[in-house]
Amino acid sequence: MAFPTGWARKTKITIPDAQISGNNNNFSVLITKYNLPAEMLDGGSSAALYGGGDVRFSEDSAGATRLDLEVVTFVTGNTPDVELWVKIPTLNTGTAKDIWVWYKKSGEIQPAATEAFGRNAVWSDYERVFHMGSAVDSSGNGDLVLIGSPTTVSGVMGGGTRFNGTSQRADLGWNGITQDFTLSAVMRAPNLPTDSGSGPINGNSPSLDWNVNGGDNPKTWLTTGSWTGISFGALIANTDYWLSTVYDGATFAAFVDGISVASAAKTGNLVDKVNFTIASHAAAPTIRFLEADIFFVAITLLPRSAGWLLTEYNNQNSPATFATAGIPEAIDVVGVALTIQRASSGLISDNIIPSQIHTLNAMKTTHNFTSGNVVSGLGVSVSIQYMKHAVSSQMVNLSQVQNITVSNGLQLHAANSLIMSQIQTIANSNSQHNVSGDSLILSQVQTLTMGGNRHAIKSDGVILAQLQALVSQNATHGLSSDVAGLFDPTAFSPHPNRTHKVARANQASSTEADDRTIRPTNNRTLRI
């Protein structure tokens with residue numbers, strides 16, 4: 001079934017305004033375990049699938065605007081590990097940004113990388129994107145070729161690759177930059193500065209380079225006929241850095257941890273390009289290497305703004321403070337039948353909608369709804385046997401339920417507004433059925449049958465608007481209300497062995513001994 005139909009849980013994720021800088025379009029956000037609800041990752045009954053096959057994101061609570069998603073890592077259980085990337089159409093300063101994560105649906109897998117909402121769509125604005133724990137290009141434009149067997153390493157943003165500085169590098173197989181660009185790398189190096197003449201990204205022009213002239217700090221370089229190098233400043237060894245260089249055809253700038261540290265006026269198209277490499281400088285006659293751990297590399301032909309790069313740093317440097325998960329919500333699974341047997345089923349949510357359930361069966365168990373709004377909109381049957389079924393809500397709407405059967409059990413409805421608008425049959429046998437609400441409407445009920453049990457309605461307004469038959473056998477049926485209307489019945493046949501009580505405004509009840517003789521007007525069949 002198409003998203004969002006069938007997903008059972010969702011949670012709002014909020015990015016506070018303080019974490020957002022500038023106005024950003026198509027921003028790829030890193031989501032980790034710190035941004036997700038605990039139940040989603042603990043491997044329990046409300047958890048997402050191991051591997052993240054059922055994880056979806058939307059920009060709205062209803063799931064109408066689905067978001068592109070890349071699942072890099074999704075491990076549930078005792079030691080959860082998560083790396084997700086979600087592309088958000090707009091991430092603008094001035095207000096907090098809410099998105100929703102959806103989960104808990106069996107049998108789901110992520111779309112293929114090339115499909116709508118898949119991996120490549122997350123990075124459609126990029127030429128190359130590498131989560132450096134692997135050689136795969138998440139933009140889909142070309143994977144890395146690893147040379148010299150570099151090793152993987154754990155650290156910031158999940159995994160990375162360790163290059164030894166003597167023989168290891170990675171080849172991008174691409175040299176397509178001519179003018180505007182942004183190069184970004186997340187890395188740390190054990191020795192700074194160094195005169196290796198290589199850097200985390202090196203295309204000769206442009207490059208994130210470790211100075212080729214000696215004795216200086218790391219720089220970024222480009223040439224449009226004459227060389228320009230600007231410094232990243234005095235970096236510290238064994239420290240994680242977010243380094244970016246941006247060229248927009250007028251200005252060449254260097255950023256460290258999302259902050260601009262140097263810039264120079266520059267115009268013209270880039271020249272002197274060579275094949276891009278990672279952790280080396282592959283220009284003849286000598287290949288030079290960089291010793292470093294590199295975690296993330298991205299190249300785009302868009303000059304990113306200062307606000308974009310600062311927001312990116314806030315997100316990637318501290319995911320735990322960048323976004324916060326709200327309270328998980330239940331989304332009722334759409335299907336033919338929902339059966340609860342010998343168990344406890346509880347749904348707690350601001351909005352619960354079992355909107356296309358045909359049959360709700362609960363046997364020898366407890367089944368509870370607690371919600372601001374509960375709607376069983378297209379259900380056909382609700383069957384309660386040997387158990388307790390409770391619904392507590394501001395509004396309970398069983399708007400197209402045809403049959404409610406309560407046998408040897410207890411069914412409770414407590415709501416400010418309770419509507420059973422198309423119910424045809426309510427049958428209570430050896431059980432208790434209580435309805436409490438400010439407004440109760442059983443507007444198209446045809447038959448209400450009670451045998452050996454108690455049926456109680458307590459409300460400011462009770463309307464059994466199209467009731468054709470009310471049958472009580474060895475039972476008590478009570479109506480307590482300011483307005484109690486049994487509108488259509490035309491006949492009334494009292495029986496001495498049952499009790500039917502009506503208490504309503506402006507109408508006197510008979511004595512306890514004769515209370516079965518109360519006669520609502522226009523009765524068709526009312527037999528107790």
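Residues numbered from 1 in each chain as written. Predicted model: local features only at pLDDT ≥ 70, side-chain atom pairs only at ≥ 80, totals over all residues. Heavy atoms only, no water.

(A) Looking closely at the overall build of the protein chain. The secondary structure content of the protein chain amounts to four helices and 42 strands. A buried classification covers 51% of the 528 residues belonging to the protein chain. Sequence separation of at least 24 residues holds for 51% of the intrachain contacts in the protein chain that already meet a minimum separation of 6. Carbon and sulfur atoms form 48% of the exposed surface of the protein chain, whose accessible area is close to 21200 Å². (Helix = DSSP H or I, 4+ residues; strand = E, 2+ residues; numbered from the N terminus. Buried < 20%, exposed > 50% of the residue type's maximum accessible area, 1.4 Å probe, protein only. Contact = heavy atoms within 4.5 Å. Areas by Shrake-Rupley, 256 points an atom, 1.4 Å probe, with all protein chains shown as cover.)

(B) Representation of the sheet that holds strand 5 (residues 81-92). Across the sheet, three strands lie side by side as 2-5-4; this open sheet has antiparallel pairing. With partners counted over all chains shown, the strands left at the sheet margins are strand 2 (23-32) and strand 4 (69-75), one partner each. The sheet shows a mean angle of 20° between the axes of neighbouring strands, direction not considered. Sheet topology places strand 4 next to strand 5; six bridges connect them, and they run antiparallel. When the bridges of strand 5 are listed, Thr 73 appears paired with Glu 83. (Pairing = 2+ DSSP bridges. Axes fitted to C-alpha atoms, helices over the stretch in contact; angles between N-to-C directions.)

(C) Representation of the environment of Arg 66 in the model. Relative to the helices and strands, Arg 66 is located in the loop between strand 3 (56-58) and strand 4. Remark: the alpha-carbon pair of Arg 66 and Ile 88, spanning 22 residues in sequence, is separated by 9.7 Å. Aside from chain neighbours lying at most four places away, what touches Arg 66 is Phe 3, Arg 56, Phe 57, Ser 58, Pro 111 and Phe 117.

(D) Here's a closer look at the side chain of Thr 220. Looking at the element boundaries, Thr 220 is found in strand 15 (residues 219-223). A relative accessible area of 0% places Thr 220 in the buried class. Those residues in contact with Thr 220, other than ones at most four positions away along the chain, are Ser 207, Leu 208, Asp 209, Thr 228, Gly 229, Ile 230, Phe 232, Thr 245, Phe 252 and Ala 254.

(E) Quick peek at the environment of Gly 160. Checked against the element boundaries, Gly 160 lands in strand 10 (residues 158-164). For the pair formed by Gly 160 and His 131, sequence separation is 29 residues and the distance between their alpha carbons is 7.1 Å. The residues touching Gly 160, leaving out its near neighbours within four places in the chain, are Met 132, Gly 133, Thr 151, Thr 152, Val 153, Ile 294 and Phe 295.

(F) Fine view of the nonpolar core. If you look at the biggest cluster of nonpolar residues, it comprises 45 residues, and the most contacted ones within it are Leu 36, Met 40, Val 55, Phe 57, Phe 74 and Leu 84. A per-element tally of this core places strand 5 first, with six residues. Setting aside chain neighbours within four positions, we find Leu 84 in contact with Val 29, Leu 30, Ile 31, Leu 36, Val 55, Phe 57, Leu 69, Glu 70, Val 71, Thr 73 and Phe 74. Of all hydrophobic cores here, the second largest spans 36 residues; its members include Ala 189, Leu 290, Ile 294 and Val 297. (Core = buried A, V, L, I, M, F, W, Y, C linked by side-chain atoms within 4.5 Å.)

(G) Spatial organisation of the pattern of salt bridges. Per the stated rule, a full pass over the model turns up eight salt bridges. Ionic pairing is found between Glu 39 and Arg 9, a salt bridge with its closest N-O pair at 2.9 Å. You can see Glu 39 sitting in helix 1 (residues 38-41) and its partner Arg 9 sitting in strand 1 (residues 9-15), a full 30 residues away along the chain. Taking the relative accessible area as the measure of exposure, Glu 39 reaches 18% and is therefore buried. Note that Arg 188 and Asp 293 form a salt bridge whose closest N and O atoms lie 3.2 Å from each other. Within this pair, whereas Arg 188 is found in strand 12 (residues 181-188), its partner Asp 293 is found in strand 23 (residues 291-300), the two being separated by 105 residues in sequence. Each member of the pair, Arg 188 as well as Asp 293, carries the same accessibility label: buried. Bridged by salt links that share partners, the residues Arg 162, Arg 188, Asp 240 and Asp 293 form one connected network. (Salt bridge = Lys/Arg side-chain N within 4 Å of Asp/Glu carboxyl O.)

(H) Expanded view of the side chain of Lys 97. Mapped onto the fold, Lys 97 is located in strand 6 (residues 97-103). The buried category is assigned to Lys 97, whose relative accessible area is 15%. Within the local environment of Lys 97, its side chain forms a polar contact with the side chain of Glu 59, the two groups lying 2.6 Å apart. Residues within four places of Lys 97 in sequence aside, it is in contact with Ile 13, Thr 14, Ile 15, Ile 20, Glu 59, Ile 88, Thr 90 and Leu 91. (Polar contact = N/O pair within 3.5 Å; in protein donor to acceptor, adjacent residues only side chain to side chain.)

(I) Structural detail: the packing of aromatic side chains. For the structure shown, the criterion picks out 11 aromatic pairs. Ring geometry for Phe 3 versus Trp 7: centroids 5.2 Å apart, planes at 80°, classification edge-to-face. Side by side, Phe 3 and Trp 7 carry an identical accessibility label, which is buried. On the basis of an interplanar angle of 85° and a centroid distance of 5.2 Å, the ring pair of Trp 242 and Tyr 313 is categorised as edge-to-face. One end of the pair, Trp 242, is in strand 17 (residues 241-247); the other, Tyr 313, is in helix 3 (residues 306-317), with 71 residues separating them in the sequence. As far as the burial class goes, Trp 242 and Tyr 313 line up, both buried. Put simply, the rings of Trp 85, Trp 123, Tyr 126 and Phe 296 pair up and form one aromatic cluster. Above the ring of Trp 7, the side-chain terminus of Lys 105 is found at 5.0 Å from the ring centroid. The lysine or arginine in question, Arg 304, covers the ring of Trp 308, its NZ or CZ lying 3.7 Å from the ring centre. (Phe/Tyr/Trp six-rings, centres within 6.5 Å; stacked < 30°, edge-to-face > 60°. Lys NZ or Arg CZ within 6 Å of the ring centre and 35° of its normal.)

(J) Local environment of the pairing of strand 12. Counting buried positions over the eight residues of strand 12 gives eight, a clear majority of the element. Burial along strand 12 is two-sided: the face carrying Phe 181, Leu 183, Ala 185 and Met 187 and the face carrying Thr 182, Ser 184, Val 186 and Arg 188 are both buried. The pairing of strand 12 with strand 17 spans seven bridges and is antiparallel. Bridge pairing links Ser 184 to Ser 244 in strand 17. When strand 12 meets strand 23, the two strands line up antiparallel, connected through seven bridges. When the bridges of strand 23 are listed, Leu 183 appears paired with Ile 299.

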